[in-house]
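Structural characterization, general
Next come the chains, spelled out residue by residue.
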Amino acid sequence: MKKSCIHIYCGDGKGKTTAAMGLALRAAGSGRPVVLAQFLKDGTSSELNILRQLPKVQVAVCEEQFGFFWNMKKEQREAAAKAYRALFERAAGEAQNGAFLLVMDELIAAYNHELVDRERVLAFLRGKPEGLEIVLTGREPAPELLDLADYVSEIRKRKHPFEQGIAAREGIEF
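This write-up is about the structure you can find in this document. The numbers attached to residues start from 1 for each chain and follow its sequence in the written order. Since the coordinates come from a predicted model, pLDDT governs what is reported: local features require at least 70, and pairs of side-chain atoms require 80 or more to be given and counted, while whole-chain, interface and lining totals use all residues. Working from all heavy atoms in the structure, the side-chain values ignore hydrogens and water.

1. Here we look at the environment of A123
Tracing the backbone shows A123 in helix α5 (residues 118–126). Relative accessibility decides the category of a residue: with a 1.4 Å probe and only protein chains considered, values under 20% of the type maximum give buried, values over 50% give exposed, and everything between is partly exposed. Under the relative-accessibility criterion, A123 is labelled partly exposed at 43%. Residues A123 and A19, 104 residues apart in the sequence, show an inter-C-alpha distance of 25 Å. Going along the chain from the N terminus, every DSSP run of H or I of four or more residues is numbered as a helix, and every run of E of two or more is numbered as a strand.

2. Details of unusual backbone geometry
In this structure, L40 takes a positive phi of about 60 degrees despite not being glycine. With relative accessibility at 25%, the residue L40 sits in the partly exposed group.

3. Here we look at the layout of surface pockets
A volume near 1600 Å³ is recorded for the largest pocket. Around the largest pocket, the lining comprises 39 residues; the ones closest to its centre are K41, F68, E106, R139 and E173. At the level of secondary structure, the elements contributing two or more residues to the lining of the largest pocket comprise α1 (16–29), α2 (46–51) and α4 (107–112). Counting residues per element, the lining of the largest pocket draws most heavily on α1, which supplies 4 residues. Three classes are used: nonpolar for Ala, Val, Leu, Ile, Met, Phe, Trp, Tyr, Cys and Pro, charged for Asp, Glu, Lys and Arg, and polar for all others, with Gly counted as polar. Looking at side-chain class alone, the lining of the largest pocket contains 14 nonpolar, 13 polar and 12 charged residues. Grid points spaced at 1 Å over the protein atoms alone were grouped into cavities, where a 1.4 Å probe fits but cannot get out, and pockets, open sets with protein on both sides within 12 Å along at least five of seven lines, with lining residues defined by an atom within 4 Å of a point. Grid points are joined across faces, edges and corners, and a volume is the space filled by probe spheres set on the points.

Shown next, in the form of structure tokens:
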């Protein structure tokens, strides 16, 4: 492979995480090591159950849960920032030890809400190890993230079952 790339899956539609997990599965299926970190999620999404069983996949999630960002009080935001900064450092460190693919699910939201050190994220992306593919997911990526990306795929919602009162379903939305 000549060059590794940075991928962004963004937009208001369902499928950003699904696309990232599909790429993780593809990379692991080709025998390549994958590091997968989830930000702002509780680590119980069904796809993690199978990915954790694959020998080439390392899954990193935040052990502490903080709920939705907009419901956090100042102290919770500070605790979340500390936890997500540590998660970023853990994932970045593991990825630098020979990973082929690093997926940072919902890093864009953590970045937008300043729950990770923005300068550290940008420095890591600019100086990423040669041969490391990186995937970022989330809504409304900042212009500087878009500038660094090689792929930007926007997933747009036209219709969603939630609008009809259908709650998230295990195996489909989580």
